[in-house]
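The lines below spell out each chain.
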Amino acid sequence: MRKLLLAGAAVSLLSIAGPAAAADLPLVPAWAPAPAFNWTSCFLGAHIGGGWAHQDINDPVALVQNTFLGPLTTGVTAVQVSATGLVIGGQMGCDYQFGYTNWVLGAEGAVSGANFRGNTNAALPLGDPGDIATVTAKTDFIPSATLRLGYAVNNWLFYVRGGAAWGGDKYSVTGTFLGTAFGFEGVDNRFGWTGGGGVEWAFAEYWSARLQYDYYQLGQRAVLVTDSINTLSGVVNVNQNVQTIKLGVNFHMWAGQ
């Protein structure tokens with residue numbers, strides 16, 4: 001009988017102590033959302049992508065005919081060259097996220113190397129039948145210095161950007177005129193502006209990936225081209241714009257969650 005009484009008392013004590021011990025345990029939620037990414041940081045990264053350039057080139061026909069025949073009164077001849085290719089480069093900058101808001105303001109410098117190339121033919125009406133000028137345009141690099149304004153949604157940043165841009169180009173006008181071969185070449189570095197936007201995703205504590213579109217308006221400039229074959233020179237006028245789509249990755253130095 002004594003053993004039965006002791007066993008019953010033990011069961012009673014356990015039934016009382018069980019709920020009390022459970023009440024003392026800390027409450028742990030089954031799921032806790034990850035903290036939002038903090039975009040305040042400086043960053044360094046790289047990008048790769050593709051793009052296309054459009055050049056309106058005026059007077060390549062007059063360039064050839066005038067240098068061989070002297071001043072002419074022919075009208076302006078315009079040709080259009082569309083160049084496509086790849087871009088690869090790097091970027092660095094800093095962002096600041098305002099307090100507990102979702103707004104992010106940043107500044108960035110970027111340099112993209114490019115291999116854009118395109119050409120078109122223009123007839124030379126004062127030459128022999130079949131005489132043409134092949135006009136070639138190349139874009140080698142596209143640096144930029146921009147500001148960006150973004151809106152953060154958890155680990156995503158949607159942004160627009162704009163600022164200053166430069167373009168490094170090479171032009172050539174080659175062919176045969178009245179039985180004489182010619183080869184005009186020129187180099188041009190021009191200044192303009194850029195605008196675009198994109199989306200950036202913070203996929204790790206210090207890392208993000210971005211997809212970005214950029215439009216570059218590099219304006220109109222007179223480009224001096226020289227024919228080393230015949231020791232001649234002249235000027236063509238070029239109006240240029242460039243568009244790119246780039247995929248990039250950034251390392252944020254002291255941002256994170």
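As the structure is a prediction and not an experimental result, all values here were calculated from the model.

Each value, and the rule that gives it
- Residues numbered from 1 in each chain as written.
- Predicted model: local features only at pLDDT ≥ 70, side-chain atom pairs only at ≥ 80, totals over all residues.
- Heavy atoms only, no water.
- Helix = DSSP H or I, 4+ residues; strand = E, 2+ residues; numbered from the N terminus.
- Contact = heavy atoms within 4.5 Å.
- pLDDT = per-residue confidence, 0-100.
- Pairing = 2+ DSSP bridges.
- Axes fitted to C-alpha atoms, helices over the stretch in contact; angles between N-to-C directions.
- Salt bridge = Lys/Arg side-chain N within 4 Å of Asp/Glu carboxyl O.
- Buried < 20%, exposed > 50% of the residue type's maximum accessible area, 1.4 Å probe, protein only.
- Phe/Tyr/Trp six-rings, centres within 6.5 Å; stacked < 30°, edge-to-face > 60°.
- Lys NZ or Arg CZ within 6 Å of the ring centre and 35° of its normal.

S.K.: Please provide a residue-by-residue account of the side chain of Thr244, values included.
M.R.: Secondary-structure assignment places Thr244 in strand S8 (residues 232-252). Beyond its immediate sequence surroundings of up to four residues, Thr244 is in contact with Gly50, Gly51, Val87, Phe116, Ile142, Gln212, Tyr213, Asp214 and Tyr216.

S.K.: So what about the confidence of the model for the protein chain? Which residues, and what values?
M.R.: When the pLDDT values of the protein chain are averaged, the result is 87; 83% of them are 70 or greater. A low-confidence stretch, residues 1-14 stays under pLDDT 50, and its non-local contacts, those more than four residues away or across chains, total zero contacts. Below a pLDDT of 50 lies the segment residues 16-23, which in the model reaches zero contacts outside its immediate sequence neighbourhood of four places, other chains included.

S.K.: Any details on the pairing of strand S7 (residues 207-227)? Residues and values, ideally.
M.R.: Here strand S6 (residues 180-202) pairs with S7 via 12 bridges, running antiparallel. Its bridge partner being in S7, Glu200 is matched across the sheet by Arg210. Between S6 and the antiparallel strand that follows it, S7, lie four residues. Note that S7 and S8 share 20 bridges and pair antiparallel. Along S8, the bridge assignment pairs Asp214 with Thr244.

S.K.: Got a sec to walk through the sheet that holds strand S4 (residues 132-153)? Specific residues and values, please.
M.R.: Read around the closed barrel, eight strands run S1-S2-S3-S4-S5-S6-S7-S8, paired in antiparallel fashion. Each strand of the sheet is rotated relative to its neighbour by a mean of 15°, with strand direction disregarded. Here 12 bridges tie strand S2 (residues 78-97) to strand S3 (residues 103-123), and the two strands are oriented antiparallel to one another. Of the residues in S3, the one forming a bridge with Gln97 is Val104.

S.K.: Which residues make up the environment of Gly49, and what values do they have?
M.R.: The residue Gly49 is located in strand S1 (residues 41-58) in this model. Sequence-wise, Gly49 and Gln212 are 163 residues apart; in three dimensions their C-alpha atoms are separated by 9.4 Å. Apart from residues no more than four positions distant in its own chain, Gly49 is found in contact with Leu86, Val87, Ile245 and Lys246.

S.K.: Provide a residue-level description of the pattern of salt bridges, including the pertinent values.
M.R.: On inspection of all chains with the given rule, the structure shows 11 salt bridges. Between Asp188 and Arg221 there is a salt bridge, and its shortest N-O distance comes to 2.9 Å. With Asp188 in strand S6 and Arg221 in strand S7, the pair connects residues that are 33 residues apart, well separated along the chain. On the basis of relative accessible area, Arg221 is assigned to the partly exposed category, the value being 36%. Measuring nitrogen to oxygen at the nearest pair gives 3.1 Å for the salt bridge that ties Lys246 to Asp214.

S.K.: Go over the packing of aromatic side chains with me, naming the residues and quoting the values.
M.R.: Tallying each qualifying case throughout the model produces 12 aromatic pairs. Measuring from ring centre to ring centre gives 5.6 Å for Phe68 and Phe177, while their planes differ by 45°; the resulting arrangement is tilted. Here the residue Phe68 occupies a position in helix H2 (residues 60-69), and Phe177 occupies one in strand S5 (residues 156-177), the gap between them amounting to 109 residues. Classification of Phe177 by relative accessible area gives buried; the value is 1%. Here the aromatic cluster, defined as three or more aromatic residues joined through ring pairs, consists of Phe68, Phe177, Phe182 and Phe184. We note Arg148 situated over the ring of Tyr159; from NZ or CZ to the ring centre the distance is 4.6 Å.

S.K.: Outline unusual backbone geometry, supporting the account with residue identities and numerical values.
M.R.: Even without a glycine there, the phi angle at Asp59 is positive, about 75°. Tracing the sequence through the fold places Asp59 in the loop between S1 and H2. Located in the positive-phi region is Leu178, a residue other than glycine, with phi close to 55°. Relative to the elements of secondary structure, Leu178 occurs in the loop between S5 and S6.

S.K.: Describe the pairing of S5, naming the residues involved and giving the relevant values.
M.R.: Of the pairings in the sheet, the one linking S4 to S5 comprises 18 bridges and is antiparallel in character. Across the sheet, residue Val153 finds its bridge partner in S5, namely Trp156. Pairing analysis gives 22 bridges linking S5 to S6, with the strands arranged antiparallel. Looking at the pairing, Val173 lines up with Phe184 of S6. In textbook terms, the turn of a hairpin is the stretch between consecutive antiparallel strands, and for S5 and S6 this stretch comprises two residues, one of which, Leu178, has a positive phi near 55°.

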